[in-house]
Amino acid sequence: MGSVRKASAWLGLVDDNDDERYYDDDYSEGTESGDAWVTDPRVKVASDTAEEKGRRIGTVTPDSFRDARAIGELFRDGVPVIMNLTAMEPADAKRVVDFAAGLIFGLRGSIDRVSNRVFLLTPADTEIVSGDAAAHRSDGFFNQS
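What counts, and where the lines are drawn
- Residues numbered from 1 in each chain as written.
- Predicted model: local features only at pLDDT ≥ 70, side-chain atom pairs only at ≥ 80, totals over all residues.
- Heavy atoms only, no water.
- Helix = DSSP H or I, 4+ residues; strand = E, 2+ residues; numbered from the N terminus.
- Buried < 20%, exposed > 50% of the residue type's maximum accessible area, 1.4 Å probe, protein only.
- Contact = heavy atoms within 4.5 Å.
- Areas by Shrake-Rupley, 256 points an atom, 1.4 Å probe, with all protein chains shown as cover.
- Pairing = 2+ DSSP bridges.
- Axes fitted to C-alpha atoms, helices over the stretch in contact; angles between N-to-C directions.

Asks: Would you explain the overall build of the protein in this entry?
Replies: On a plain count of helices and strands, the protein comes out with 6 helices and 4 strands. Sequence-ordered secondary structure for the protein, helices as α and strands as β, is α-α-α-β-α-β-α-β-β-α. Relative to its 145 residues, the protein shows a buried fraction of 19%. In the protein, of all internal contacts separated by at least 6 residues, the share reaching a separation of at least 24 is 45%. Carbon and sulfur atoms make up 51% of the accessible area of the protein, which amounts to about 11,500 Å² in all.

Given below as structure tokens:
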């Protein structure tokens, strides 16, 4: 575009259509249809793959006892759940732990304390592997003597 045409376009005397030649027609048609953010079907979203292979872990930080439903729904679906009760009042936290104990009893799971007011609920088909340093010493790998 020449300088006279640029000045005319800047003043609004002529239409500035020079930029259109740089766009690919297929691209501009695709964005007008509203499906510009559709994921390519060949791409697997990480959460879909994790769900298919059963490699999901839920984390729930409830504010009140009403949030216990989210814990129950995840656990019922076979997802291990980490409950972080540090943001709750002690009375409500005790109610949630009692609720979780009922869940693991009814669905044959287990509950483990991770830290103060943080618990791990695991379904019956899930194995917990301990990362204790004492467990590694038995094979002699860390034995320095």
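Asks: Explain the sheet that holds strand β3 (residues 110–115) here, please?
Replies: Strands pair in a sheet through their backbones, by hydrogen bonds, and they do so in one of two ways: parallel or antiparallel. In space, the 4 strands of this open sheet follow the order β1-β2-β4-β3, with mixed pairing throughout. Edge positions in the sheet fall to β1 (58–60) and β3, since each of these pairs with one other strand and no more. Neighbour-to-neighbour, the strand axes of the sheet open up by a mean angle of 20°, direction not taken into account. As defined by bridge partners, strand β2 (residues 81–84) adjoins strand β4 (residues 118–122) across 4 bridges and the pair is classed as antiparallel. Opposite Ile82, over in β4, you have Leu120 as the bridge partner. With respect to the sheet, helix α4 (residues 68–76) is in contact with β1, β2 and β4, its orientation differing from that of β2 by roughly 165°.

Asks: Please explain the environment of Gly102 as it appears in this structure.
Replies: Mapped onto the elements, Gly102 comes out in helix α5 (residues 90–106). The exposure class assigned to Gly102 is partly exposed, which follows from its relative accessible area of 44%. For Gly102 and Gly72, which are 30 residues apart along the polypeptide, the C-alpha to C-alpha distance reads 9.9 Å.

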